[in-house]
Amino acid sequence: MFVEKIILKSGADLEAMRLAGAVAGKVLAEILGFIRPGVTTNQVDRFAGERMAAHGAKSAFLGYRKYPCQTCISVNEEVVHGLANDRELRFGDIVSVDVGVVYRGFIGDTAWTMAVGGCGVLAQQLMDVTEKSLALGIAAAVAGNRVSDISRAIQGYVEGHGFSVVREFVGHGVGRSLHEEPQIPNFVDGKMDQKLRPGMTLAIEPMVNAGAADVKILKDGWTVVTRDGSLSAHFEHTVLVTGGEPEILTWQTPSVLKGS
Ligand code: MF3
Ligand code: CO
Ligand code: CO
């Protein structure tokens, strides 16, 4: 099978992954704190680039397949890969920010959705369900389980609450490269189903629509939106599979960032 293409991390590489994850988590938190009504997504993206530089990191997205921005900023019906522009964020919008950083050769990948000021009940419920589905997916990321156990945990919770998971984009292994094997779908696809092993570093990232699962890509070639125009949310952590509890690498852990 293809197990040998999965890169297990240990020793110095794992320590570097922890640092990259911490930087990604810190930068994401800083960006979320910067977002307020009236700010443009261009301003958010520029701020993101400045914060990455301040921590000695670079965007893992800028230039990836010619991607033109530091981060992905996806508003309301935008699912993922939203491009920064001069749109002003408004009270009541929900905005998904996806941050990938390269730090000393390794990548941390993390995303969060927040309301701008406040939002409607449906939007809040969508965010809550998506965040919880990520937590359940992470809890299933234990050695001996399979990738499909993560997928099933996410899909079951999301669909049980009347929302739908996006099929066209999936989570993934992450390390020196942004996208490593295995793929981590947010639905059970019945395809190759790897066993989880200690040392795997996985980006688990449910993308959840309030309406139907179908998406399309806008003419800019990047921005993914829901076909029915319904709201979408996206939460992501980079996680280390261990013999016991999964370790979330993209929480901000100030101790490793001291002095940065
Ligand atoms: N954010 C995506 C992920 O989490 C990857 C974005 S690639 C980009 O896997 F080029 F669109 F930025
Ligand atoms: Co991401
Ligand atoms: Co990712």
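Definitions and limits used
- Residues numbered from 1 in each chain as written.
- Chains lettered and ligands numbered in written order.
- Predicted model: local features only at pLDDT ≥ 70, side-chain atom pairs only at ≥ 80, totals over all residues.
- Heavy atoms only, no water.
- Pairing = 2+ DSSP bridges.
- Helix = DSSP H or I, 4+ residues; strand = E, 2+ residues; numbered from the N terminus.
- Axes fitted to C-alpha atoms, helices over the stretch in contact; angles between N-to-C directions.
- Near = heavy atom within 4 Å.
- Polar contact = N/O pair within 3.5 Å; in protein donor to acceptor, adjacent residues only side chain to side chain.
- Areas by Shrake-Rupley, 256 points an atom, 1.4 Å probe, with all protein chains shown as cover.
- Nonpolar A, V, L, I, M, F, W, Y, C, P; charged D, E, K, R; others polar.
- Expected span 1.5 Å × (residues − 1).
- Buried < 20%, exposed > 50% of the residue type's maximum accessible area, 1.4 Å probe, protein only.
- Arc of directions from axis to C-beta.
- Contact = heavy atoms within 4.5 Å.
- Donors = N, O, S within 2.8 Å, 3.2 Å for Na, K, Ca; no water.
- Salt bridge = Lys/Arg side-chain N within 4 Å of Asp/Glu carboxyl O.
- Parallel < 35°, antiparallel > 145°, perpendicular 65-115°, else oblique.
- Left-handed = near helix turned anticlockwise from the far one by under 90°.

**Student:** I would appreciate a short explanation of the sheet that holds strand β3 (residues 78–80) in the present structure.
**Tutor:** What holds strands together in a sheet is hydrogen bonding between their backbones, with the strands either parallel or antiparallel. The strand order β3-β12-β11 describes an open sheet built from three strands, whose pairing is antiparallel. The two strands at the open ends of the sheet, each matched to only one other strand, are β3 and β11 (215–217). Taken over all neighbouring pairs, the strand axes of this sheet differ in orientation by 40° on average, direction set aside. Here three bridges tie β11 to strand β12 (residues 224–226), and the two strands are oriented antiparallel to one another. The residue bridging K216 from the neighbouring strand is V225, located in β12.

**Student:** Teacher, can you tell me more about the site of ligand 1 here?
**Tutor:** Lining the immediate surroundings of ligand 1 are F61, Y64, Y67, C72, H81, D98, D109, H172, H179, E205, W222 and E236. Measuring from a nitrogen atom of ligand 1, one finds a side-chain N or O atom of D98 at 2.5 Å. In the model, an oxygen atom of ligand 1 is placed 2.8 Å from a nitrogen or oxygen of the H179 side chain. Protein chains shield 96% of the accessible area of ligand 1, which is 340 Å² for the free molecule. Its residues assigned to classes, the shell around ligand 1 comprises five nonpolar, three polar and four charged.

**Student:** I keep staring at helix α4 (residues 147–160) and nothing clicks. Help me out?
**Tutor:** Given 3.6 residues per helical turn, the α-helix brings residues three or four places apart onto the same face. The terminal C-alpha atoms of α4 lie 20 Å apart, and with 14 residues this matches the ideal 20 Å at 1.5 Å per residue to within 8%. For α4, the set of buried residues is V147, S148, I150, S151, I154, Q155 and V158. Buried residues of α4, viewed axially, fall in a sector of 150°; they line one side. At its buried positions, α4 is contacted by α3 (121–139), β6 (164–165), β8 (180–184), β9 (201–204) and β10 (207–209). Directly after α4, the chain includes G162, whose backbone phi takes a positive value near 85°.

**Student:** Got a minute to help me understand the coordination of the cobalt ion (ligand 2) in this structure?
**Tutor:** In this structure, D98 (OD), D98 (OD), D109 (OD) and E236 (OE) serve as the protein donors to the cobalt ion (ligand 2), at separations of 2.0 to 2.3 Å. In the primary structure, the donors to the cobalt ion (ligand 2) are separated according to the pattern D-x10-D-x126-E. In this structure, the cobalt ion (ligand 2) is positioned 3.2 Å from the cobalt ion (ligand 3), and both are ligated by D109. Placement of D98 in strand β4 (residues 94–103) and of E236 in the loop between β13 (232–234) and β14 (237–240) is noted, with a sequence separation of 138 residues between them.

**Student:** So what exactly am I meant to see when it comes to the pattern of salt bridges here?
**Tutor:** In a structure, side chains of opposite charge can pair up when their charged atoms sit close to one another. In the structure shown here, the tally under the stated rule is nine salt bridges. Among the salt bridges present, the one from E181 reaches K5, with a minimum N-O distance of 3.3 Å. Placement of E181 in strand β8 and of K5 in the segment before α1 (11–34) is noted, with a sequence separation of 176 residues between them. Note on K5: relative accessible area 48%, which makes it partly exposed. A single network of salt bridges, built from pairs that share partners, joins E15, R18 and E247.

**Student:** Help me understand the packing of α3 against α4, please; the structure alone is not making it clear to me.
**Tutor:** The relative placement of two packed helices comes down to the angle between their axes together with the axis-to-axis distance. Two elements in contact, α3 and α4, have axes separated by 8 Å at closest approach and are oriented at 155°. Taken as axis vectors, α3 and α4 run roughly antiparallel relative to one another. As for the relative orientation of α3 and α4, their crossing is right-handed in sense. Between α3, through V129, K132, S133, L136 and G137, and α4, the contact on the second element is made entirely by I150, A153, I154, Y157 and V158. For the contact of α3 with α4, the class distribution of residues is seven nonpolar, two polar and one charged.

**Student:** Can you walk me through the packing of α1 against helix α2 (residues 41–54) in this structure?
**Tutor:** Viewed as axis vectors pointing N to C, α1 and α2 meet at an angle of 145°, and their least axial separation amounts to 10 Å. By crossing handedness, the relation of α1 to α2 is classed as right-handed. Contacts between α1 and α2 pair V27, E30, I31 and F34 from the former with Q43, V44, F47, A48, R51 and M52 from the latter. Looking at the contact of α1 with α2 residue by residue, the classes come out as seven nonpolar, one polar and two charged.

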